Amino acid sequence: MNVPKSNLPRVVVIGGGFAGLNLVKKLRKLPIQLVMINKHNYHAFQPLLYQISTSGIESDSIAYPLRMFIKKQQNFYFRLADVKEIDPDNKIIKSDIGDLSYDFLIINTGTKTNYFGNKEIKKHAMPMKTIPQALNLRSLILQNFERATVEADIEVQKFLLNFVIVGAGPTGVELAGAIAEFKKSVLPLDFPDLDPELMQINLLEGADRVLPPMSEHASKKSTKFLKELGVQIHTNTIVTSYDGKLATTKDGKEFATRTLIWSAGVIANRIDGFAEECSEPRTRRYYVNEFNQIKGFKDVFALGDVALMISDDYPRGHPQVAQPAIQQAKNLAKNFPKILKGNTNLKPFKYNDKGSMATIGRNKAVADIKKLQFGGFFAWFIWMFVHLMSLVGFRNRLVILISWIYNYTNYNKGSRLIVRRYSVTKRRIRTNAEL
Ligand SMILES: Cc1cc2nc3c(=O)[nH]c(=O)nc-3n(C[C@H](O)[C@H](O)[C@H](O)COP(=O)(O)OP(=O)(O)OC[C@H]3O[C@@H](n4cnc5c(N)ncnc54)[C@H](O)[C@@H]3O)c2cc1C
């Protein structure tokens with residue numbers, strides 16, 4: 001990896017998501033050689049991915065180049081690499097660009113989409129976990145509209161205009177709301193020769209209500225908002241198969257669709273090399289203690305979505321959202337000067353739950369903040385403010401703010417571009433040159 005030898009202890013941070021980013025910001029002043037590794041050269045702000053898919057914002061505005069953090073920093077290196085394996089006995093990480101030894105290792109690799117072992121669904125469904133995936137979805141949605149305009153057969157049009165979203169957690173709900181807004185505001189403008197009534201948005205959820213991680217109040221409110229937007233909600237509905245054309249459910253329902261969006265669950269990006277007892281088999285999250293040390297190790301840590309810290313308050317670990325990742329990173333950074341000196345008197349992690357929110361189209365959101373539960377315009381305003389302030393980089397905040405104001409005042413979505421076509425038959429991107 002061509003990282004120079006140094007007399008300073010080498011601290012390797014894998015992952016530049018919420019945890020990794022907040023950690024390196026604090027560690028870079030310490031007397032260490034800091035190496036950050038990530039498989040993309042940017043940090044992606046995942047909460048706004050759905051707005052890329054639905055043409056609301058441009059992809060660059062939620063990404064932040066990780067090399068910006070090493071500007072004017074000594075002993076801080078970034079490497080664009082995919083870490084494949086860790087050899088904790090010899091303290092070496094193995095990646096697609098080579099090996100690297102470490103003195104301390106911090107793993108913040110987050111999660112990936114979980115298809116629960118269903119290979120057919122994995123092959124045909126659309127995930128939305130990364131910026132390239134969100135762009136694929138944007139292309140597919142727009143291609144469906146283009147294709148539907150040239151189809152004479154109403155049944156084929158319906159097939160192309162049926163958007164099925166599996167999983168009604170915050171991502172599924174937000175996506176359903178945004179696609180429904182698209183139907184209302186963009187379809188009549190851009191595709192006047194298509195009948196908007198042929199377009200359907202079906203939201204499928206295995207639990208008995210939408211937004212299962214949030215309060216009953218949030219669930220009821222969001223159901224009302226979604227129905228007002230014309231979204232058809234199917235609770236207690238588990239998808240068992242999808243062949244790229246037809247989705248079938250456990251209770252025998254069928255949905256003919258070219259676009260099945262899978263937001264039904266995630267599984268940790270565990271890296272091979274640790275003993276089995278270091279991670280939970282079902283979620284693949286690493287078991288960590290209250291200092292985020294991986295079970296059995298003093299010099300290897302895991303933070304954020306990939307870490308499972310079991311406590312009396314959180315017997316199933318912390319929720320896999322941004323705040324635990326950010327707060328764990330800050331706590332570890334505070335402990336790090338002591339860790340470097342071999343001091344074991346560390347500060348245990350305590351999660352401060354700031355609440356959760358989800359937005360459903362224009363002017364509507366739901367929020368559970370401490371004991372307060374509310375929905376509507378005020379919640380939407382808070383949702384916007386929180387997301388804007390959480391974005392990394394002033395430029396990104398400014399661009400998003402301008403996009404939102406523009407979209408709000410114009411009832412128009414700006415980024416309706418098929419920059420690279422998505423090939424449904426091959427389920428891979430083909431470049432324009434290939435097409
Ligand atoms: C669509 C969507 C919407 C969401 N909305 C919200 C929301 O509204 N509010 C909220 O709080 N949370 C939300 N979340 C969850 C939130 O984004 C995560 O909880 C948070 O990103 C976790 O931070 P992390 O640092 O643990 O992992 P991540 O932010 O996922 O970062 C992991 C990083 O590790 C890198 N990586 C992974 N494997 C490797 C490897 N082998 N080698 C090198 N690099 C690797 C990845 O490229 C990535 O940069 C949402 C998530 C998604 C997908």
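The rules behind the values
Residues numbered from 1 in each chain as written. Predicted model: local features only at pLDDT ≥ 70, side-chain atom pairs only at ≥ 80, totals over all residues. Heavy atoms only, no water. Helix = DSSP H or I, 4+ residues; strand = E, 2+ residues; numbered from the N terminus. Rg over C-alpha atoms; globule rule 2.2 N^0.38 Å. Buried < 20%, exposed > 50% of the residue type's maximum accessible area, 1.4 Å probe, protein only. Patch = residues over 30% accessible without salt bridge, like charges linked within 9 Å, V, L, I, M, F, W, Y side chains within 5 Å. Areas by Shrake-Rupley, 256 points an atom, 1.4 Å probe, with all protein chains shown as cover. Salt bridge = Lys/Arg side-chain N within 4 Å of Asp/Glu carboxyl O. Pairing = 2+ DSSP bridges. Axes fitted to C-alpha atoms, helices over the stretch in contact; angles between N-to-C directions. Contact = heavy atoms within 4.5 Å. Near = heavy atom within 4 Å. Polar contact = N/O pair within 3.5 Å; in protein donor to acceptor, adjacent residues only side chain to side chain. Core = buried A, V, L, I, M, F, W, Y, C linked by side-chain atoms within 4.5 Å. UniProt positions renumbered as here; feature names shortened; annotations may be inferred. Lys, Arg positive; Asp, Glu negative; His and termini not counted. Charge placed at Lys NZ, Arg CZ, Asp CG, Glu CD. Parallel < 35°, antiparallel > 145°, perpendicular 65-115°, else oblique. Left-handed = near helix turned anticlockwise from the far one by under 90°. Nonpolar A, V, L, I, M, F, W, Y, C, P; charged D, E, K, R; others polar. Phe/Tyr/Trp six-rings, centres within 6.5 Å; stacked < 30°, edge-to-face > 60°. Lys NZ or Arg CZ within 6 Å of the ring centre and 35° of its normal. 1 Å grid on protein atoms, 1.4 Å probe; cavity = no way out; pocket = protein on both sides within 12 Å on 5 of 7 lines; lining within 4 Å. Points joined across faces, edges and corners; volume = space filled by probe spheres on them.

What follows is about the overall build of the chain. Of regular secondary structure, the chain possesses 11 helices and 26 strands. Against the 2.2 N^0.38 benchmark of 22 Å for 435 residues, the chain shows a C-alpha radius of gyration of 23 Å, consistent with a compact globule. Dimensions of the chain, computed from the C-alpha atoms along their principal axes, are close to 70 × 55 × 45 Å. Among the 435 residues that make up the chain, the fraction classed as buried is 54%.

The subject of this paragraph is a nonpolar patch on the surface. A surface patch of nonpolar side chains, about 310 Å² in accessible area, is lined by Phe377, Phe381 and Tyr408. If you trace the backbone, Phe377 turns up in helix α10 (residues 377-390). Overall, Phe377 belongs to the partly exposed group, its relative accessible area being 47%.

As a further point, take the sheet that holds strand β5 (residues 76-80). One open sheet holds the 5 strands; their spatial order is β5-β2-β1-β9-β20, and the pairing between them is parallel. Taken across any chain shown, the strands that pair with only one partner, and hence form the sheet edges, are β5 and β20 (300-302). Within this sheet the neighbouring strands show an average axis-to-axis angle of 15°, counted without direction. Looking at chain direction, strand β1 (residues 10-14) and strand β2 (residues 33-38) are connected through 5 bridges and run parallel. Looking across to β2, one finds that Arg10 is bridged to Gln33. The sheet contacts of helix α1 (residues 18-27) involve β1, β2, β5 and β9 (104-107), and relative to β2 the element is tilted by about 165°. Along the sheet, helix α9 (residues 322-340) makes contact with β1, β9 and β20, crossing β9 at roughly 165°.

The next subject is the site of the ligand. The immediate surroundings of the ligand are formed by 28 residues, with Ala19, Asn38, Val83, Asp305 and Ala322 found nearest. Between a nitrogen atom of the ligand and a side-chain N or O atom of Asp82, the distance comes to 3.1 Å. Val83 places a main-chain nitrogen or oxygen 2.9 Å from a nitrogen atom of the ligand. When the ligand sits alone it has 990 Å² of accessible area, and the protein chains cover 88% of it. For the shell around the ligand, the elements supplying multiple residues, two or more each, are α1 and α9.

Quick look at the environment of Lys295 now. Structurally, Lys295 is set in the loop between β19 (286-287) and β20. Along the primary structure Lys295 and Ala275 are separated by 20 residues, whereas in three dimensions their C-alpha atoms are 9.8 Å apart. Excluding residues within four positions of it along the chain, Lys295 makes contact with Glu277, Cys278 and Tyr287.

Let's shift gears to the nonpolar core. Within the largest apolar cluster, 100 residues are counted, with the highest numbers of intra-cluster contacts made by Leu27, Leu48, Ile62, Ile106, Phe145 and Phe336. Here the element with the most residues in this core is helix α4 (residues 131-149); it accounts for 9 residues. Discounting residues that sit within four places of it in the chain, Phe336 has contacts with Val11, Leu27, Leu30, Phe104, Ile106 and Phe301. Val12, Ala81, Ala268 and Tyr351 belong to the second largest nonpolar core, which has 29 residues in total.

On to the UniProt feature "domain: FAD/NAD(P)-binding" (unreviewed entry) in the chain, then. Annotation from UniProt places "domain: FAD/NAD(P)-binding" (unreviewed entry) at residues 10-329. Between the end C-alpha atoms of residues 10-329 the distance is 18 Å, and the span holds 28% helix and 25% strand.

Together, Lys25, Lys26, Lys330, Lys334, Lys347, Lys354 and Lys370 line one region of the surface with positive charge. Taken together, the elements giving at least two residues each to the positive patch come down to α1 and α9. Tracing the backbone through its elements, the reader meets Lys347 in the loop between α9 and β22 (356-359). Take Lys347: its relative accessible area is 43%, and that puts it in the partly exposed class.

This part takes up the packing of α1 against α9. At a minimum axis separation of 8 Å, α1 and α9 run at an interaxial angle of 25°. The orientation of α1 with respect to α9, classified from their angle, is roughly parallel. As α1 packs across α9, the resulting crossing turns out to be right-handed. Residues Phe18, Ala19, Asn22, Leu23, Lys26 and Leu27 of α1 lie in contact with α9, whose contacting residues are Ala322, Ala325, Ile326, Ala329, Lys330, Leu332, Ala333 and Phe336. When grouped by side-chain class, the residues that make up the contact of α1 with α9 number 11 nonpolar, 1 polar and 2 charged.

The next thing to look at is the UniProt feature "transmembrane region" (unreviewed entry) in the chain. Per the UniProt record, "transmembrane region" (unreviewed entry) is found at residues 374-394. The span residues 374-394 shows a helical share of 71% and a strand share of 14%, and its end C-alpha atoms are spaced 30 Å apart.

Glancing now at the packing of aromatic side chains. Under the counting rule described, the total for this entry stands at 15 aromatic pairs. For the cation-ring pair, Arg362 lies above Tyr408, with the distance from its terminal atom to the ring centre recorded as 4.2 Å.

Our focus in this paragraph is empty space enclosed by the protein. Evaluation of the coordinates by the stated rule reveals 1 cavity of 30 Å³ or more. Approximately 50 Å³ is the volume attributed to the largest cavity. Arg285, Gly304, Asp305, Ala307, Leu308, Met309, His318, Pro319, Gln320, Val321, Pro324 and Gln328 are the residues that line the largest cavity. Looking at the lining of the largest cavity, the elements with two or more residues in it are β21 (307-308) and α9. Taken together, the residues of the lining of the largest cavity sort by class into 6 nonpolar, 4 polar and 2 charged.

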